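# Structural description and commentary
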Amino acid sequence: EKAKWSKETLAIWEKYGCEESVDKESFQKSFVRHVNTTLARSSLNVDNFSAYQATAHTVRDRLIERWNATQQAHTLKDPKRVYYFSLEFLLGRSLDNALLNLGLKEQFGEGVKELGFRMEDVLEQEVDAALGNGGLGRLAACYMDSLATLDYPAWGYGLRYTYGIFQQRLKDGFQMELPDYWLNFDNPWELPRLDIAIEVRFGGYVSKYTDENGRTRHRWEGGDGVQAVAYDVPIPGYGTKNCINIRLWSSKPKRQFDLSRFNAGEYEQAVNEQMKAENITAVLYPNDNHMVGKELRLKQQFFWVYASLADIIRRFKKTDRAWDQFPEKVAIQLNDTHPTLAIVELQRILVDQEGLDWDDAWDIVTRTFAFTNHTVLPEAMEKWHVPMVEYLLPRHMQIIFDINLFFLQKVEKQFPNDRDILAKLSIIEEATPQSVRMAHLAIVGSHRVNGVAALHSNLIKTTIFKDFVKFYGPKKFENKTNGITPRRWLHQANPKLSNLITEALGDKKWLKDLSLLKNLEPHAKSKDYRRRWKAVKHSNKVRLAEYIKAKTGIDANPNSLFDVQVKRIHEYKRQFMNILGVIHRYHYLKSLTPEERRDIVPRVVIFGGKAAPGYHIAKLVIKLINSVSATVNADESIEDLLKVVFIPDYNVSLAEIIIPASDISQHISTAGTEASGTSNMKFVLNGGLILGTVDGANIEINEEIGDDNIFLFGHLADRVDDLRHAHRYRNVPMDPDLQSVITSIETGNFGDSRIFAPLINTLTFGKDYYLLSDDFGSYLDAQKLVDEAYKDEDEWCKKSILCTARMGFFSSDRAIREYADQIWDLKPVPAKA
Ligand code: CR6
């Protein structure tokens, strides 16, 4: 296009195409312009929210510039790209992150101040983008930050849910769910691309025909169409001009409405189709580590992978390349099994539409995809009933059967007459009705499979996928230990600690190379440095205490030990064990003489987290925490020695306040159940110690920071099967301390005990599947060690500094480099120096 323009025209484009400045004055100019034009407000009518919007738009303009430059540079260079397919991106707030990553925080902060606002208040106006449940969604967000920061050519693909994860309220201590209508006001962090619309189809039928070469071919025909419309979310890197893209699809009706019905006066039916179409991306399913086989969820998955693949292929086809080069230009990472249908859809495109032979197509498919597994919990394994898949996606179901047939033929060849292994490896589960095992499909259709922490990656090889290891050999399965971005989880969430670190290390290079934190170690010996480190932790605790007071009315004394467990509420995470431990402590405190009490370390035990709306046992755990909280906090005889707090509506921006304020945090899953955990890394990076089981990434954290700086307890993963077996078939007596706590609940010390019967039954009739009784004794012992250690404030502070200093390994930059080098074969492409 440019070539066609006259010199004069080009000159005009160039004259006005210069970059927006980033100094204080240009900020103010843009800010006022956005107030007056974008918001259509007079300068006399600006509240904090408008100030936020104007600031956001000012930053957005600068983000888009980088985003454009990056996309142009990548189009020009046409490097291999990675596409990260994730049904969840838990981004949280964007403004502060963009200001810091772009290096604008100081001058824009000054600018906004002179205009009469405080940046803190402005930042507080933003609602979280909460398009995820927990660890998996936040991991995707951290990985996007690292991909951008390290200049990798990468895209995220996901869904633009109208409603994110529900908001949690408490009523009489019970969880209530409110819809998260996060798009109520305009969202400056997305670029609607209404021109990019892809028609997606469901249903219909398959017809067979013979092509000009005499080959039998298949065609998917008929069915109902909906549109996928693109919304692009720019993700700026830190200390680079690169800014990558997450493309989120929103569903829209194909036609506005059925005109014939409309004209016939059937208005309601006329808009029916519209409503059905918009339903697809209406809401994020609120289950963490739990599969619910709803048709709408399957539709979401297909809608998303169909549109994303069409988009990727359109981009690939812009350059005239042969199909066998596809895997040299495209790597697709499957974030859990949610996008597994992409494997089938790519095979369909290549065979049915592009006319490739099955085997050639399958070779391209398997070289393109890689699969990350995030759990070993049986209830989380995705399985879809064959009749449902057949009805929604008739051609895809045929292709799945064919993939399975060819796969099992190879298995048969390698293990002749072994029917057992065929049944175990089959993509189809032979039950009534049959089901498609998505994990099996994902393994068969990928060239690499990875777990998310060392223990987890070993576990999948020896348990759920062990027969696949027999068939493929061990090399297809590897480990990629999760990581977190230090930009958001230290620099942004804990600015005071970030400054103190920068001061000790001399510059901010550590934010791009987290291994440099090791140079903090010598400072642990400096008394003055420790004093300042402690002061930072204290001020973070004051900030959290103020938040707790404002939200719950509870006084949390910042001089107490802050003991935190914040994460999704799940039986396997054992918040139940934590609150039972709190009751034990309460009884212990009540048994002490005033003399003995003087030696006690005061504690504030803090909980937070959402329970899936249909997970009744998890909801009862929340109720029990709140009942214990009510009793303990109201017991004046306990004074400040123990406070129990449940902070409602835990989310990313709340995590940014809680994590920097923790002295000790709990990561106490039954060994072998928590694939990795990532908040454990965030706490330790912020100088918080952890109390945990020998599970997930706790193990590698221990290896990095040393035995002296972590409190581990409980049975190991290799004991779990035997212990469960014992509960099931022998009469194992309950741990006596646990028994007395349970009796206390049953006596009514924490309100009407009948409410809690189903919860308590999990320990008795439920055979204590998560082994609370087996671990309770060592849990209490570990808690005693924590109390003892905290008495020596100075020693504790040394540990805290060493923790931070030794966390370099857990940067998501390290994790992303491993994926890029070992799975994607991807090279950085800086947009501009
Ligand atoms: N629930 C794991 O349970 C892990 C994250 C990210 C989880 C958790 O231990 O840290 O993934 N698994 O890898 C799933 O969501 C299936 C999670 O967040």
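Here the structure is a predicted model, which is why all the values come from computation and not from measurement. (Residues numbered from 1 in each chain as written. Predicted model: local features only at pLDDT ≥ 70, side-chain atom pairs only at ≥ 80, totals over all residues.)

### Some details on helix α23 (residues 575-590)
Given 3.6 residues per helical turn, the α-helix brings residues three or four places apart onto the same face. Condition: Working definition: helices are DSSP H or I runs of at least four residues, strands are E runs of at least two. Numbering for both runs from the N terminus. One less than the number of residues in a helix, times 1.5 Å, gives the span that helix is expected to have. Residues are called buried when their C-beta atom has 20 or more other C-beta atoms within 10 Å, exposed when it has 12 or fewer, and partly exposed otherwise; all C-beta atoms are positioned from the backbone.
Compared with the 22 Å implied by 1.5 Å per residue over 16 residues, the 23 Å span of α23 between its first and last C-alpha is a close match. The element α23 is largely enclosed, with a buried count of 12 among its 16 residues. Those residues of α23 that fall on the buried side of the exposure criterion are Gln575, Phe576, Met577, Asn578, Ile579, Leu580, Gly581, Val582, Ile583, Arg585, Tyr586 and Leu589.

### Regarding the pairing of strand β5 (residues 167-171)
Rules: We treat two strands as partners when DSSP finds at least two bridges between them.
Relative to strand β6 (residues 174-178), β5 is paired through five bridges, and the arrangement is antiparallel. Paired with Leu170 across the bridge in β6 is Gln175. Here β5 hands over to β6 after two residues, with Asp172 in that stretch at a positive phi of 50°.

### Remarks on the packing of helix α2 (residues 24-38) against helix α3 (residues 48-77)
This is how the line gets drawn: Note on geometry: axes are C-alpha line fits, over the in-contact stretch for helices, and angles between N-to-C directions span 0 to 180 degrees. Take the far helix as your reference; a near helix turned counterclockwise from it by less than a right angle gives a left-handed crossing, and one turned clockwise gives a right-handed crossing. Once C-beta atoms are placed from the backbone, any two residues with those atoms within 7 Å are in contact. In the scheme used here, Gly and all other residues not listed as nonpolar or charged are polar, with Ala, Val, Leu, Ile, Met, Phe, Trp, Tyr, Cys and Pro taken as nonpolar and Asp, Glu, Lys and Arg as charged.
Between α2 and α3, the least distance of the axes is 8 Å, while the angle of their chain directions is 115°. Here α2 and α3 pass one another in a crossing that is right-handed. Between α2 and α3, the contacting residues are Phe27, Ser30, Phe31, His34, Val35 and Thr38 on the first element and Ser50, Ala54, Thr55, His57, Thr58 and Asp61 on the second. Each residue belonging to the contact of α2 with α3 can be placed in one class, and the counts come to four nonpolar, seven polar and one charged.

### What to know about the UniProt feature "modified residue: N6-(pyridoxal phosphate)lysine" (unreviewed entry) in the protein
Put simply, the rule is: UniProt positions are given in the numbering used here, feature names are shortened, and annotations may be inferred rather than shown by experiment.
The UniProt feature table records "modified residue: N6-(pyridoxal phosphate)lysine" (unreviewed entry) at Lys682. Along the chain, Lys682 turns up in helix α27 (residues 679-685). A residue is classified by how many C-beta atoms lie within 10 Å of it, and Lys682, with 29 of them, is buried. The residues touching Lys682, leaving out its near neighbours within four places in the chain, are Ile484, Trp489 and Ile659.

### Some thoughts on the site of the ligand
Quick note on the threshold: For each residue, a C-beta position is placed from the backbone atoms; the residue is near a molecule or strand when that point lies within 6 Å of it. Domain limits in this description derive from either an automatic procedure or a database domain assignment.
Taken together, 18 residues sit near the ligand, with Gly135, Leu136, His374, Ala675 and Ser676 positioned nearest. For the shell around the ligand, the per-class residue count stands at five nonpolar, 10 polar and three charged. Two domains share the shell around the ligand, each providing at least three of its residues, namely domain 2 (78-93 + 128-482 + 819-824) and domain 3 (540-810).

### Section: the sheet that holds strand β13 (residues 369-372)
Across the sheet, which stays open at both edges, the nine strands sit in the order β7-β10-β11-β4-β1-β12-β13-β17-β18 with mixed pairing between neighbours. On the outer flanks of this sheet lie β7 (191-202) and β18 (477-479), each paired with one strand and no other. The mean angle between the axes of side-by-side strands here comes to 25°, regardless of whether they run parallel or antiparallel. Two strands pair when backbone bridges link them, and strand β1 (residues 81-85) and strand β12 (residues 330-335) are joined in this way by five bridges, in the parallel orientation. Bridge pairing in β12 places Arg81 opposite Val330. Strand contacts of helix α9 (residues 267-279): β10 (224-236) and β11 (243-253), with the helix running at about 150° to β11, the strand carrying the most contacts.

### Re the confidence of the model for the protein
Detail in the predicted coordinates should be disregarded across regions flagged by low pLDDT. Basically, it comes down to this: For every residue, the predictor states its confidence as a pLDDT score lying anywhere from 0 to 100.
Across the protein, pLDDT averages 97, with 99% of residues at or above 70. Of the two predicted TM-score estimates for the complex, the pTM is 0.98 and the ipTM is 0.99.

### Quick notes on the pairing of β11
Counting buried residues in β11 gives nine out of 11 residues, a clear majority hidden from the surface. Across five bridges, strand β4 (residues 154-159) lies against β11 in parallel orientation. For Leu159, the partnering residue across the bridge sits in β11 and is Trp249. With 11 bridges joining them, β10 and β11 adopt antiparallel strand pairing. The partner of Val233 across the bridge, within β11, is Ile246. Hairpin remark: β10 followed by β11, antiparallel, with six residues in the connecting loop; positive phi at Gly239, about 65°.

### Concerning helix α22 (residues 527-552)
Given a rise of 1.5 Å per residue, 26 residues ought to cover 38 Å, and the 37 Å separating the end C-alpha atoms of α22 matches this to within 8%. Within α22 the residues assigned to the buried category are Arg530, Trp533, Val536, Lys537, Asn540, Lys541, Leu544, Ala545 and Ile548. At its buried positions, α22 is contacted by α21 (495-505), β19 (561-566), β21 (642-647), α26 (652-658) and α33 (793-805). Among the residues trailing α22, Gly553 stands out with phi positive, at a value near 80°.

### Topic: the environment of Arg193
Here Arg193 is to be found in strand β7. Classification of Arg193 by C-beta neighbours within 10 Å gives exposed; the count is 12. Between the C-alpha atom of Arg193 and that of Ser50, which follows or precedes it by 143 residues, the distance is 25 Å. Leaving out residues up to four positions away in the same chain, Arg193 has contacts with Ala230, Tyr231 and Asp232.

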